[in-house]
Amino acid sequence: MPWCSSFFSAITTSSSGSIPAPLLTLSQRKFIFEQKGTQRILVINNCGLNDDAAYSVAAGEEKCTTELFVKELPVKITKEIEAVKTTVNERIELECEVSEVGAQVKWCKNGVEVPTGPRSRYRVKSDGLKHWLIIDDASKEDTGTFSLMASGGTSEAKVQVELKPLKIIQDLQDMTVLLGQPLKMHCEIFPGNVPGRWYRNGQLIQSNDRINILQRAKNHRLEIVNSTIHDAGDYTFVPEGYSQSLCAKIHIVDPPRVHLESLNFPDNTVTIVAGNKLRVEIPISGEPAPRVVWMKGERVSADLGQNRLHCA
């Protein structure tokens, strides 16, 4: 009365199929065949997933078949993940331990499986019963609830990533710049990899052909090639993610100029016949607007704050 299954060939032969397998004790044998009266019994030691198959026994023309289903034991969590509180750019290692070596597990963030491909920020590794999720360079976006899911349980823990305290190494300085000259503003902050935005009078400044915005590590620069009157104002640098800001006032100065060339008189000399009316109008520029004083010799003739003089 033979028992039939594809597994039995492994009991009687070696892997080459030509040399008989060594004799084993009953406790060492995978399959044990027993007979009690009219009963024929098959015992499978240490039943595994590979034993999932159809089995049959034949007596003469009679044959009886049954199917064995082997269910994998659930993988349980034996050591929970611990919560983590850290700052940006630090390394995070989440560790969890399960009940079986080589168990298939899944890491999730906020209920969504984390990507672990070559370009992913997340790395996973395992050693025996231990499993790790690693983030080499943490960012604020890594804040959330991380979990490890196994067939027999789930472990989760909160991860909180905060910004490092902002330190102002070099603040912005108030400046006075001559009209048309370059305007260069500079500040230095820590952490050094924090981007930021520049504002003038509350309006965001964008780079263009005349304005350059530069960052090199902890140094931030705003450079304007040729300053104009409109570049004057209150400047602010705001590091991204922080409520602190750096401020400075910029004044653009255009020195007062008297444009005598507009008179069109030789040697700037005016000749008039006595009794006639004289009107002299000279363009004057400057920022801030200059105070105009008309002189007659060494004596002040008029202090009108304008560039016109009428003489009757």
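Definitions and limits used
Residues numbered from 1 in each chain as written. Predicted model: local features only at pLDDT ≥ 70, side-chain atom pairs only at ≥ 80, totals over all residues. Heavy atoms only, no water. Phe/Tyr/Trp six-rings, centres within 6.5 Å; stacked < 30°, edge-to-face > 60°. Helix = DSSP H or I, 4+ residues; strand = E, 2+ residues; numbered from the N terminus. Buried < 20%, exposed > 50% of the residue type's maximum accessible area, 1.4 Å probe, protein only. Lys NZ or Arg CZ within 6 Å of the ring centre and 35° of its normal. Pairing = 2+ DSSP bridges. Axes fitted to C-alpha atoms, helices over the stretch in contact; angles between N-to-C directions. Core = buried A, V, L, I, M, F, W, Y, C linked by side-chain atoms within 4.5 Å. Contact = heavy atoms within 4.5 Å.

A. Structural view of the packing of aromatic side chains. Scanning the model with the defined rule gives 2 aromatic pairs in all. Taking 6.2 Å as the distance between ring centres and 55° as the angle between the ring planes, the aromatic pair formed by Tyr-122 and Phe-146 counts as tilted. Of this pair, Tyr-122 sits in strand S11 (residues 122-127) while Phe-146 sits in strand S13 (residues 144-150), placing them 24 residues apart in sequence. The pair formed by Tyr-122 and Phe-146 is uniform in burial state, with each residue classed as buried. With 5.0 Å between their ring centres and 50° between their planes, Trp-198 and Phe-237 make a pair best called tilted. You can see Trp-198 sitting in strand S18 (residues 196-200) and its partner Phe-237 sitting in strand S22 (residues 233-239), a full 39 residues away along the chain. No difference in accessibility class separates Trp-198 from Phe-237, as the two residues are buried. One Lys or Arg, Lys-125, reaches over the ring of Trp-132 and ends 5.1 Å from the middle of that ring.

B. Looking closely at the sheet that holds strand S12 (residues 130-135). Read across the sheet, 4 strands follow the order S6-S8-S12-S11 without closing on themselves; strand pairing throughout is antiparallel. Each edge of the sheet is formed by a strand with only one pairing partner; in this case those strands are strand S6 (77-79) and S11. Averaged over all pairs of adjacent strands, the angle between strand axes in this sheet comes to 30°, irrespective of strand direction. Judged from the 6 bridges that link them, S11 and S12 form a sheet pairing that is antiparallel. Bridging across to S12, Ser-126 finds its partner in His-131.

C. Region of interest: unusual backbone geometry. For the peptide bond that leads from Phe-190 to Pro-191, omega is 5°, which places it in the cis range. Of note, Pro-191 is situated in the loop between strand S17 (183-190) and S18. You will see that Ala-217, though not glycine, has its phi angle at about 55°, which is positive. Its location among the elements puts Ala-217 in the loop between strand S20 (211-216) and strand S21 (219-224).

D. How the structure looks around the nonpolar core. Core analysis: the largest hydrophobic core is formed by 21 residues, its most contacted members being Ile-81, Ile-92, Leu-94, Trp-107, Leu-133, Phe-146 and Leu-148. Counting only elements with at least two residues in this core, the list comes to strand S8 (92-98), S12, S13 and strand S14 (153-162). The leading source of residues in this core is S8, at 4 residues. Excluding anything up to four places from it in sequence, Phe-146 contacts Ile-81, Leu-94, Cys-108, Lys-109, Val-114, Tyr-122, Leu-133, Ile-135, Ser-155, Glu-156, Ala-157 and Val-159. One finds Cys-187, Ile-189, Phe-237 and Ile-250 within the second-largest nonpolar core, a separate group that totals 20 residues.

None of this, on its own, says anything about what the molecule does.
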